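Residue-level structural notes
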Amino acid sequence: MKEMTGLERCQAVLNKETPDRVPVVPQTFMFAAETAGFRIGDMNKDGRLMAESHRISQDKYGYDGCVIDIDDASLAEACGATVIFDNPDEPALVDEHNPLVTDLRQFSDMEFPDPLKDGRLPAWLEATERLIADIGDRVFVMGRSDQGPFDLLCLLRGTQNLMMELITEEPEVIWKALDWCREANLRFAKAQKDAGAHATSIGDSYAGPNLISPEMFREFALEHEITLCKQVQDYGIPWSLHICGNTNEIIEDMVSTGASILEVDWQVDMKKASEIVDGRAVLMGNIDPSDPLVYGTPEAVDLKAKAIIEATGGKHLFLSSGCAMGRRTPEDNMRAMINAAKKYGTFDN
Amino acid sequence: MQQKSMAHSTIKIIGGFLGSGKTTYLNRILSQAVPDAGIALVINEFGSVALDGDLIIHEQYSMMEITGGCLCCSLKADLITGISDIIKNEAPRIIYIEATGLAVPDEMRKTLEKHFSEEDGVTVDPVTVTVDCLQYKKMKGKLRIYDSQFEGSPGIKLTKTDIYPEDLIEEVNNHIRSSHKDIKIVRPAAGRFLFNSTLNNQNNETGHKDNIQTITLDREQAQKVKKDRIQAFCRDHSDKIIRMKGLIKNSEIWEDVQFDGENFFSSELKKDYGGECKMVLFTSDENRDEIAQKLQRYF
């Protein structure tokens, strides 16, 4: 088979066609910053530097897709939340001690953020535009729309407060607040499509089984993810759902959102997940970003990548880290992940 | 892992859900430690201002804060790297880790056990989890991350026991005992860091309002806070302020100031703190707006 570009490879998998090999789409915003010699704090308001970090890192390692992200606080900030930028080496954080809303009913009077104007969302979009212009003809570019409805609500209300209110507040009030957060995210997701992104995604990890039960996930988070997915994909861009942590219990629910891509973390059993998903979505994952990617050897990374490819048959798969790669990931470990796709993930058609 | 020093370090993880009293418990341990005890602290706060880290009694302890990053992944790498650095550079006798209330403490223990061993001169102790009785009654069995605090049968420390009715404490005690053998009841020193019993007068039968609100001063406001005035403000509104904690600087002296709903405490930091002034007040739902407005006038 003729060698494909990274973009062709990823699009073939998304189109349920057979690529020349398994594509590698690592989640690299911190690693890319380190590779480019930038500090997160110096680039988290600068779309040009964000794009440049990905361009330099992708050029050095030759992976197939870039995931644009800079922290979990940007959409919340655009909604009006206070954000803390006190550590230039780490992603910014939402000040949850001082939440934007003190009552979930306040959302009915709140304006939605404008992705073209508010906070640092324009910088994210500039990064997407620049990256698409520079390498988008050959590299898959996923422009995240930051946090999904449930995560965004946690950040705007304060996670501790919301966890309490999941038990004490009227479900309808929580539901309406989540609906506001879904709409806020939708606007950003559409803007990512308008900026040229090949796909977009949300992180909704607080809704995962590490924090709340599958029953609570279904009661509060799932329907909003389903609606958001349909709205985004109807707008013409594949949508990806990122829930890190142990999501073995909700893989079927994640598929039911209609997402084109499911980003799963290292605790997920890829063989079982692959059987459950059964080609209805692309699984993206799931090498542990800490061990082996930061602390293991290249041989350990190779073994894990091989196991993932064998567990899934290499089908409907973006080989990736389970979540965001650490900035201290050794160069040889990154190369081992990419080489594993070439060694074990080729298809002879 | 290879260590330069052969000194032995013991890692002790303190877990517990958000607001369960981990910082109180850690401060209690530190206040009883002898000078030069060889203690290092790792404070893992998630998604919040690192105020609790600042409030740790830390005159004679090294302290590292881990914030940011994803709960399940990059944070783990930061934790391992941070502890490796502490052991290499300081060879402390004990490393206390205050885990974020949204972490699973036993998962943290397993991660550390995988990376640090007796051969390296490191022991990872069983986890201790702090439990607020009222929170336990509200959340046990209802919220996954709350239940996850009890994974791996940790040692349990009940906190805030001086403000809850005995029957509530006994009920929770018995409930936990049914699944955990080594329960110990901690009765913290009265006053400091605790919700005050005035709550019992104004709220429901179990002692707390469902929602406690926070009012956080911004940096500019916190810089203007004078100890005498904030003490008077807290005293004048003691029926509405449940708790206040802050770090302020008056006349070039840093002070840790606290109000527990009844009493005001302040203590001078022996070292120059070197950070920013911070202050947060806790009120009930119904009083938040009033206190926030009065604070605006205060500034």
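Quick note: structure is the one above.
These lines cover the structure that appears in this document, whether it is placed above or below. (Residues numbered from 1 in each chain as written. Chains lettered and ligands numbered in written order. Predicted model: local features only at pLDDT ≥ 70, side-chain atom pairs only at ≥ 80, totals over all residues. Heavy atoms only, no water.)

**Description of the overall build of chain B**
The condition is simple: Numbering of helices and strands starts at the N terminus; helices are DSSP runs of H or I of at least 4 residues and strands are runs of E of at least 2. Here, residues are in contact when the closest pair of their heavy atoms is within 4.5 Å. Only the protein chains shown count as cover for residues, and the accessible areas themselves come from Shrake-Rupley with a 1.4 Å probe.
Within chain B, the regular secondary structure consists of eleven helices and 13 strands. For chain B, the share of sequence-separated contacts (at least 6 apart) that also reach a separation of at least 24 residues comes to 71%. Looking at chain B as shown, the accessible area adds up to about 12700 Å², and 44% of this sits on carbon and sulfur atoms.

**Section: the overall build of chain A**
The cut-off we apply is this: Only protein chains enter the area calculation, which uses a 1.4 Å probe; residues under 20% of their type maximum are buried, those over 50% are exposed, and those in between are partly exposed.
Within chain A, the regular secondary structure consists of 14 helices and nine strands. Counting across all 349 residues of chain A, residues that qualify as buried make up 64%. As displayed, chain A offers around 12000 Å² of accessible surface, 45% of which is attributable to carbon and sulfur atoms.

**Notes on the interface of chain A and chain B**
Heads up, the condition is: A simple way to read buried area is as the amount of 1.4 Å-probe accessible surface that goes missing from two parts once joined, with both sides added. Here, a salt bridge means any Lys or Arg side-chain nitrogen found within 4 Å of an Asp or Glu carboxyl oxygen. Any N or O atom pair separated by 3.5 Å or less is treated as a polar contact, with the protein-specific requirement of one donor-capable and one acceptor-capable atom, and with residues adjacent in sequence counted only for side-chain atom pairs.
Opposite the 44 residues of chain A that make contact, chain B presents 38 residues. Summed over both partners, the interface of chain A with chain B buries about 3500 Å², with 58% contributed by carbon and sulfur atoms. Of all residues in chain A, His97, Leu211 and Tyr295 of chain A give up the largest surface area on contact with chain B, accounting jointly for 19% of the area buried on that side. Along the contact surface separating chain A from chain B lie two salt bridges. For Glu249 of chain A, the salt bridge identified is with Arg144 of chain B, shortest N-O distance 3.0 Å. Summed over the shared surface of chain A and chain B, the result is four residue pairs in polar contact (both at pLDDT 80 or more). Those elements giving two or more residues to the side of chain A that touches chain B turn out to be strand S3 (93-94), helix H8 (159-168) and helix H10 (214-234) of chain A.

**Some thoughts on helix H10 (residues 227-236) of chain B**
Residue and element names in this part refer to chain B. Applicable threshold: Note: the arc covers the axis-to-C-beta directions of the helix.
Listed as buried for H10 are Ile230, Phe233 and Cys234. Down the axis of H10, the buried set is contained in an arc of 95°. They therefore lie on one face. Of the exposed residues in H10, the ones pointing more than 90 degrees away from its buried face are Asp228, Arg235 and Asp236. Residues of H10 that are buried in the fold lie against strand S10 (241-250), strand S11 (253-259), strand S12 (264-268), strand S13 (278-284) and helix H11 (285-298).

**Concerning unusual backbone geometry**
Apart from glycine, the bulk of residues carry a negative phi angle, and the bulk of peptide bonds sit in the trans form. Residue and element names in this part refer to chain A. Across the junction of Gly285 and Asn286, the peptide omega takes the value -15°, indicating a cis bond. Inspection of the secondary structure assignment puts Asn286 in strand S8 (residues 282-287). Positive phi, close to 60°, is recorded for Lys16, a residue that is not glycine. For Lys16, the position within the fold is in the loop between helix H1 (6-14) and helix H2 (29-36). Phi at Asp146 takes a positive value of approximately 60°, unusual for a residue other than glycine. Structurally, the position occupied by Asp146 is in the loop between strand S4 (140-143) and helix H7 (149-157). Look at Asp146 and you get buried, because its relative accessible area is 1%.

**Here's the deal with the pairing of S11 of chain B**
Residue and element names in this part refer to chain B. Rule in force here: Strands qualify as paired when DSSP identifies two bridges or more between them.
The element S11 is extensively covered by neighbouring structure, given that six of its seven residues are classed as buried. Judged from the seven bridges that link them, S10 and S11 form a sheet pairing that is antiparallel. Bridge pairing in S11 links Leu247 to Asp256. The antiparallel pairing of S10 with S11 creates a hairpin that spans two residues between the two strands, and Ser251 there sits at a positive phi of about 50°. Across five bridges, the pairing between S11 and S12 is antiparallel. Across the sheet, Gln258 pairs through a bridge with Phe265, a residue of S12.

**Quick look at helix H14 (residues 331-344) of chain A**
Residue and element names in this part refer to chain A. We count it as follows: Each helix should span, by expectation, one fewer than its residue count multiplied by 1.5 Å.
Between its first and last C-alpha, H14 extends 20 Å over 14 residues, near the 20 Å set by a 1.5 Å rise per residue. Within the span of H14, buried status applies to Asn333, Met334, Ala336, Met337, Ile338, Ala340 and Ala341. On its buried side, H14 packs onto H2, helix H4 (47-61), S8, helix H13 (298-312) and strand S9 (317-321).

**Some remarks on the pattern of salt bridges**
Residues and elements named next belong to chain B. Applying the stated criterion to the full structure yields 43 salt bridges over all chains. Note that Glu255 and Lys227 form a salt bridge whose closest N and O atoms lie 3.1 Å from each other. Taken as a pair, Glu255 in strand S11 and Lys227 in helix H10 lie far apart in primary sequence, 28 residues in all. Residue Glu255 is classed as buried on the basis of its relative accessible area, which comes to 11%. The partly exposed category is assigned to Lys227, whose relative accessible area is 21%. For the salt bridge of Arg288 with Asp289, the shortest nitrogen-to-oxygen distance reads 3.9 Å. Residue class for Arg288 comes out buried when judged on its relative accessible area of 13%.

**Side note on the packing of H2 of chain A against H4 of chain A**
Residue and element names in this part refer to chain A. What counts, and what does not: Axis lines are fitted through C-alpha atoms, for helices just across the contact stretch, and the angle between N-to-C directions can take any value from 0 to 180 degrees. By the definition adopted for this analysis, an angle is roughly parallel if under 35 degrees, roughly antiparallel if over 145, roughly perpendicular if from 65 to 115, and oblique otherwise. Charged means Asp, Glu, Lys or Arg here, nonpolar means Ala, Val, Leu, Ile, Met, Phe, Trp, Tyr, Cys or Pro, and polar covers whatever is left, Gly included.
Two elements in contact, H2 and H4, have axes whose closest approach is 8 Å; the angle formed by their N-to-C orientations is 85°. What the angle tells us is that H2 and H4 run roughly perpendicular. Between H2 and H4, the contacting residues are Phe29, Phe31, Ala32, Ala33, Thr35 and Ala36 on the first element and Ser53, His54, Ile56, Ser57, Lys60 and Tyr61 on the second. Tallied by class, the residues present in the contact of H2 with H4 amount to seven nonpolar, four polar and one charged.

**A look at the environment of Ala36 of chain A**
Residue and element names in this part refer to chain A. In this structure, Ala36 sits in helix H2. Look at Ala36 and you get buried, because its relative accessible area is 17%. Sequence separation between Ala36 and Lys60 is 24 residues, and the spatial gap between their C-alpha atoms is 9.7 Å. Those residues in contact with Ala36 that lie beyond four places of it in its chain are Ser53 and Ile56.

**Quick word on the pairing of S9 of chain A**
All names here are of chain A. Counted only if it meets this: Crossover handedness is defined by viewing with both strands directed away from the observer: a clockwise path from the first strand over the helix to the second marks the crossover as right-handed.
A large share of S9 lies buried, amounting to five of its five residues. Here S8 runs beside S9; their pairing, made up of five bridges, is parallel. Each bridged residue has a counterpart across the sheet, and for Ile287 the counterpart in S9 is Ser321. Read from S8 through H13 to S9, the crossover connection turns out right-handed.

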